[in-house]
Amino acid sequence: MKILHDNMGEVAHSLSNQQTFRIGLSGPPGAGKSTFIEAFGKYLTGHGHKVAVLAVDPSSSTTGGSLLGDKTRMPELSCDSNAYIRPSPTGGTLGGVTRTTNEAVVLSEGAGFDIVIIETVGVGQSEFSVADMVDIFCLLIPPAGGDELQGIKKGIVEVADMVIVNKSDGDLVPAARRIQAEYISALKFMRTRSKVWKPKVTRISSFTKDGIPELWDTLCHYRKLMNESGEFVNRREKQLKVWMWNHIKDHIMDIFCEDQHVENKLPSLENLVIKGAITPGLAADLLLKEFMKKS
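Residues numbered from 1 in each chain as written. Predicted model: local features only at pLDDT ≥ 70, side-chain atom pairs only at ≥ 80, totals over all residues. Heavy atoms only, no water.

1. As for the packing of aromatic side chains
For the coordinates displayed, the defined rule picks out six aromatic pairs. Above the ring of Phe113, the side-chain terminus of Lys50 is found at 4.9 Å from the ring centroid. Positioned above the aromatic ring of Trp197 is the side chain of Lys200, whose terminal nitrogen or guanidinium carbon lies 4.1 Å from the ring centre. (Phe/Tyr/Trp six-rings, centres within 6.5 Å; stacked < 30°, edge-to-face > 60°. Lys NZ or Arg CZ within 6 Å of the ring centre and 35° of its normal.)

Following this line, the structure appears as structure tokens:
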């Protein structure tokens, strides 16, 4: 809370009144997210920015363990004094973003990092959580073969403010150009989330660094438009409300699962559901009645 108030005070008293920039990044496995973050992060630190990377790693549903291998995949950026990489396990949360990521953003900004990149688990229907936490949501895709638009769920494309086609180098340039054209066509039929911004599709190469300066220029143009229209601040205000309700839902679930009445009835009701004696909906109603007894 103290850091949050301090951050708000600094923004209010700064001459530029410029807030930090939060960038969300998602994409399918093999899109080259870590390689891109290293190339992009080094470009930003080379231009005087301080970059914090909050990389969310998937936790095993069996062991609860997590590889947390992001630092090994970003050897140069992890040694950069103007960069900070914090890998954290998802802990089984559906959104691919841990509950504490929101607080980690506040701490990073309090430590002087003006650009925060949140890298999420991958592409899935539950990946919308990151879009409720950042100023711009970027979808990173590889120039793969086959039916690319079907390979990535339509839902995740709808929340993307920017689609980045990675690995646009060497023999993959023609494929990358084709994918770019396909996504430009597809996005024309999507409803935009902003009144002042239409999602863009750009090509880059994390290997040769081609397209990265142009990508940063586009991101800066986005921030300028959103600031001037007031949407930048409005989006952040809405996000805070969303996360308040997310915390409430999580906490209510914890209280429900720890309730003694629920614990006593749970095994027998689960058994009845498995055997097909009662429906899952009825079992849920009975458990909620047990939970409500004490109130």
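2. A word on helix H11 (residues 260-275)
Over its 16 residues, H11 runs 24 Å from end to end, which matches the ideal 22 Å to within 8%, given 1.5 Å per residue. Bending of H11 peaks at approximately 40 degrees at the position of Leu266, with proline Pro267 no more than four residues after it. The backbone nitrogen of His261 has a side-chain oxygen 3.1 Å away, supplied by the residue at the start of H11, namely Asp259. Positive backbone phi, approximately 85 degrees, marks Gly276, located one or two places after H11. (Helix = DSSP H or I, 4+ residues; strand = E, 2+ residues; numbered from the N terminus. Expected span 1.5 Å × (residues − 1). Bend = angle between axes of the 7 residues up to and from the residue. Polar contact = N/O pair within 3.5 Å; in protein donor to acceptor, adjacent residues only side chain to side chain.)

3. A few points about the pairing of strand S1 (residues 21-26)
Of all six residues in S1, six are buried, a share of seventy percent or more. In S1, alternate side chains face the same way, and those of Phe21, Ile23 and Leu25 on one face and Arg22, Gly24 and Ser26 on the other are all buried. Alignment of S1 against strand S5 (residues 136-141), held across four bridges, turns out to be parallel. Of the residues in S5, the one forming a bridge with Ser26 is Leu139. (Buried < 20%, exposed > 50% of the residue type's maximum accessible area, 1.4 Å probe, protein only. Pairing = 2+ DSSP bridges.)

4. Focus: the confidence of the model for the protein chain
Scored by pLDDT, the protein chain comes out at a mean of 81, with 81% of its residues at no less than 70. For the protein chain, helix H6 (residues 148-151) is the element with the lowest average pLDDT, namely 52, and helix H9 (residues 212-229) is the one with the highest, namely 93. This stretch, residues 59-67, has a pLDDT under 50; its non-local contacts, to residues over four places away or in other chains, come to 13 contacts. (pLDDT = per-residue confidence, 0-100. Contact = heavy atoms within 4.5 Å.)

5. Comments concerning the pairing of strand S4 (residues 115-119)
For S4, the tally of buried residues reaches five of five residues, placing the bulk of the element in the interior. Here S4 shows two buried faces, one formed by Ile115, Ile117 and Glu119 and the other by Val116 and Ile118.

6. Remarks on the packing of H11 against helix H12 (residues 280-293)
Running from amino to carboxyl end, H11 crosses H12 at an angle of 170 degrees, the nearest separation of the two axes being 10 Å. One way to sum up the angle between H11 and H12 is to call them roughly antiparallel. Crossing of H11 against H12: the hand is right-handed. Here H11 contributes His261, Val262, Lys265, Leu266, Leu269 and Val273 to the contact with H12, which in turn contributes Pro280, Ala283, Leu286, Leu287, Glu290 and Phe291. (Axes fitted to C-alpha atoms, helices over the stretch in contact; angles between N-to-C directions. Parallel < 35°, antiparallel > 145°, perpendicular 65-115°, else oblique. Left-handed = near helix turned anticlockwise from the far one by under 90°.)

7. Quick look at the pattern of salt bridges
Summed over all chains, the structure comprises seven salt bridges. Linking Arg235 and Asp161 is a salt bridge whose minimum nitrogen-to-oxygen distance equals 3.2 Å. Of this pair, Arg235 sits in helix H10 (residues 231-258) while Asp161 sits in the loop between helix H7 (154-158) and strand S6 (162-165); the two residues are 74 residues apart in sequence, bridging distant segments of the chain. The partner of Glu290 in a salt bridge is Lys293, with the nearest N and O atoms 3.1 Å apart. You can see Glu290 and its partner Lys293 sitting in helix H12, three residues apart, about one turn around the helix. (Salt bridge = Lys/Arg side-chain N within 4 Å of Asp/Glu carboxyl O.)

8. Brief notes about the packing of H9 against H10
Contact pair H9 / H10: the axes reach a minimum separation of 5 Å and the direction vectors enclose 85 degrees. When the axes of H9 and H10 are compared, the pair comes out roughly perpendicular. Between H9 and H10, the residues in contact are Tyr222, Arg223, Met226, Asn227 and Ser229 and Glu231, Phe232 and Arg235, respectively. Considering only residue class, the contact of H9 with H10 consists of three nonpolar, two polar and three charged. (Nonpolar A, V, L, I, M, F, W, Y, C, P; charged D, E, K, R; others polar.)

9. Comments concerning the environment of Ile141
Mapped onto the secondary structure, Ile141 falls in strand S5. Residue classification places Ile141 among the buried positions, given a relative accessible area of 1%. Residues Ile141 and Ala176, spaced 35 residues apart in sequence, show a C-alpha to C-alpha distance of 9.5 Å.

10. Description of H9
Across its 18 residues, H9 extends 26 Å between first and last C-alpha, which sits within 8% of the 26 Å expected from 1.5 Å per residue. If you check which residues of H9 are buried, you get Ile212, Leu215, Trp216, Leu219, Tyr222, Arg223 and Met226. For H9, the buried positions fall inside an angular range of 115 degrees around the axis, keeping them on one side. Relative to its buried face, H9 has exposed residues pointing more than 90 degrees away, namely Asp217 and Glu228. (Arc of directions from axis to C-beta.)

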